[in-house]
Structure formats: structure tokens, C-alpha cells
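Observations on the model geometry
The residues making up each chain are set out below.
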Amino acid sequence: MKPTLLAIDTSTENCSVALQVDNTVISREMESPREHSQRLLPFVQAVLEEADIKLSDVDRLIVGIGPGSFTGVRIGVSIAQGLAFGAELPVQCVSSLDAMALEGAQNKTTDWIISAIDARMGEVYWRAYKNDGERLVTFAPAQVAKPEHLNLSEQLSEYGYLTTESVGFVGTGWETYAEQLKATVPVDPQSLACRLPTAAAMLRWAQQQNEAAVAADELEPLYVRNEVTWKKLPGR
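Okay, so let's go over this structure.

Rules used throughout
- All residue numbers refer to position in the chain's written sequence, counted from 1.
- Per-residue local features of the predicted model are confined to residues with pLDDT of at least 70, and side-chain atom pairs are confined, for both listing and counting, to 80 or more; whole-chain, interface and lining totals are unaffected and use all residues.
- For the side-chain quantities, the full set of heavy atoms in the structure was used; hydrogens and water were omitted.
- Secondary structure elements follow DSSP: runs of H or I of four or more residues count as helices, runs of E of two or more count as strands, with numbering from the N terminus.
- As defined in this context, the radius of gyration uses C-alpha atoms, and a globule is described by 2.2 Å times the residue total to the power 0.38.
- Burial classes: relative accessible area under 20% of the type maximum marks a residue as buried, over 50% as exposed, and values in between as partly exposed (1.4 Å probe, protein chains only).
- Contacts were defined at the residue level, with two residues in contact if any of their heavy atoms lie within 4.5 Å.
- Exposure was quantified through the Shrake-Rupley algorithm and a 1.4 Å probe, taking into account, for residues, occlusion by the shown protein chains and nothing else.
- Salt bridge, as used here, is a side-chain nitrogen of Lys or Arg placed within 4 Å of a carboxyl oxygen of Asp or Glu.
- When DSSP finds two or more bridges between a pair of strands, those strands are recorded as paired.
- Axes here refer to lines fitted to C-alpha atoms; in helices the fit is confined to the stretch in contact. Angles between the N-to-C directions go from 0 to 180 degrees.
- What a helix should span is 1.5 Å times the count of its residues minus one.

**A closer look at the overall build of the protein**
- Counting its secondary structure elements, the protein contains seven helices and 10 strands.
- Over its C-alpha atoms the protein spans a radius of gyration of 17 Å, differing by no more than 12% from the 18 Å that the globule rule assigns to 236 residues.
- Across its three principal axes, the protein shows a C-alpha extent of roughly 50 × 40 × 30 Å.
- Residues classed as buried in the protein amount to 50% of the 236 residues present.
- For the protein, long-range pairs separated by at least 24 residues make up 66% of all intrachain contacts whose partners lie at least 6 apart in sequence.
- As presented, the protein carries roughly 11,000 Å² of accessible surface, and 47% of it is formed by carbon and sulfur atoms.

**Focus: the pattern of salt bridges**
- In this structure the tally under the stated criterion is 11 salt bridges.
- Among the salt bridges present, the one from glutamate 50 reaches arginine 28, with a minimum N-O distance of 2.7 Å. One end of the pair, glutamate 50, is in helix α1 (residues 36-51); the other, arginine 28, is in strand β3 (residues 24-31), and 22 residues separate them in sequence.
- Glutamate 50 sits in the partly exposed class, given a relative accessible area of 47%.
- Several salt bridges converge on common partners, so that one network encompasses Glu13, Asp118 and Arg120.

**Regarding unusual backbone geometry**
- Each neighbour pair has its own omega, and for glycine 66 with proline 67 the value is 0°, a cis peptide bond.
- Looking at the secondary structure, you find proline 67 in the loop between β4 (60-64) and α2 (70-87).
- Of note, aspartate 22 is a non-glycine position whose phi angle comes to about 55°, a positive value.
- A relative accessible area of 35% means that aspartate 22 is categorised as partly exposed.
- Even without glycine at this site, arginine 120 takes up a positive phi of about 60°.
- Counting through the fold element by element, arginine 120 comes out in the loop between β6 (112-118) and β7 (124-131).

**Quick notes on the sheet that holds strand β5 (residues 91-94)**
- The mixed open sheet is built from five strands, whose spatial order is β3-β2-β1-β4-β5. Either end of the sheet is taken by a strand with one partner, and the two such strands are β3 and β5. Across the sheet, the axes of successive neighbouring strands diverge by a mean angle of 15°, strand direction being ignored.
- Note: β4 against β5, four bridges, orientation parallel. Across the sheet, the residue bridging to isoleucine 62 is glutamine 92, located in β5.

**Some details on α1**
- The end-to-end C-alpha separation of α1 is 22 Å, in line with the 22 Å expected for 16 residues at 1.5 Å each.
- On its buried face, α1 is in contact with β1 (5-9), β2 (14-21), β3 and α2.
- Aspartate 52 lies just past α1 and shows a positive phi near 60°.

**Notes on the pairing of β7**
- β7 sits mainly inside the fold: seven of its eight residues count as buried.
- Counting the residues in the hairpin turn of β6 and β7 gives five residues, including arginine 120, whose phi is positive at 60°.
- Strand direction decides the pairing type here: β7 and strand β9 (residues 143-145), joined by three bridges, are antiparallel. Its bridge partner lying in β9, valine 124 is registered against alanine 145.
- Of the pairings in the sheet, the one linking β7 to strand β8 (residues 136-138) comprises three bridges and is antiparallel in character. Bridging across to β8, lysine 130 finds its partner in valine 137.

Structure, rendered in C-alpha cells:
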């Protein structure tokens, strides 16, 4: 029997929850950037009720840790900590950029994927992936940069990119800064059809990558920008 997994994410405008029980995935999501704190727990309760299980029946919690909206990331990580402490669940962390790249790869096959989120302040959070046909290969960790200073062709060349290979893109960074980003790398003219991360994609990424889970008190957000300080729950 497969483990029962619950994924939550509020790192971007999308508030998203997904529950996997055996081979069935039940999900709820809504773009509601100012209502994450009101919607997330009702979404969790809704998927648990639909599956007719309790939080204590879940084997592992998966949480989107960013990068994205500072407030959204804090909400998701804080609620994940509360759920994990309450039900004594191990937590597996997934980047919003990774989830979008995986979603995009399932929509259309390209040799490379560049995941980029609008980071505001004239910058993007981004990460590159090589699609080897079975899984996405990662290189450098998530980064933040001004689009006009980001030479994607040069960056990808450091990872082995060939100009004959196709490049796809996902995320809101491409919507906001398409002209600047596309100027330095020949991208597929058709978007990989993924604007925002989803908890369902985080479920798939967590299982494919099989990274170690952490205890709730070890859970930390991925801001990428270093000027924000994370405060853990009081007493932890």
C-alpha cells in the first residue's frame, strides 16, 4: 500500500492542497493571494473529508517552501508546522520552481525547462532543469536576478546546453519579463502551460526525487533573497 500524502502550498497567488490516497489524488486550489490564511485549512479539511480519513491517517506532509510571496511562504510554512506538530508528521519540502518545472514537463516535452517566478522589485526567481526523458535534472539552486542581467543561454551552456536543443518555460516571470528573458535564449514559442505551482505537482516531485523528510521544527522557508528573517514557532 502506498503512503498517504498531503501537500499544501501558498507560496504564490495560488492556494493549493492535494491529498494522495493509494492511486487517487484529491485536490483543491484557488488563486486568492489575499485569502490564503482563510482558505488553506478549509481546503485541507475538505480533501480529508472527501477521502474519509483524518489527518492522523496521513503518513507524510509535503509543503511548498517557496520562493514566491514572502507572506504566502510564511503562511504555508507556519500552517505546515502546526499540522506536522499536531499530528506528528514528517515533512518533505518542495520548491515552487521545481513543482512548476515538473508540471510543464508533463504538458510538453522539451530538452530544457526554465522556471521563473516574478519576484517583484524588477527581479525573477529562477532555476534551470534538463529533461533526460525520465526525470528532471537540477543544477544550481534557485536564484534571484534582474531579467535584463540574466543571460540564460550563457547560464545553460555552463550546464551542457547545446543550441540545437529546445528550451521551454514556466511561471509568472515569463509573463512579466518575457521580452528580456527570451532575448538571450531561443525558447519554444509555446509556453509549457504552467503559470503557478500546484500541490498536486509537489506530490509528484516529492515522490520522484525521494528527498529526506524533516521534523516540523527543522522546517524553513526558501526565500532566496536573504534580507528576510524567518522566525520559528515560539518555544521551538
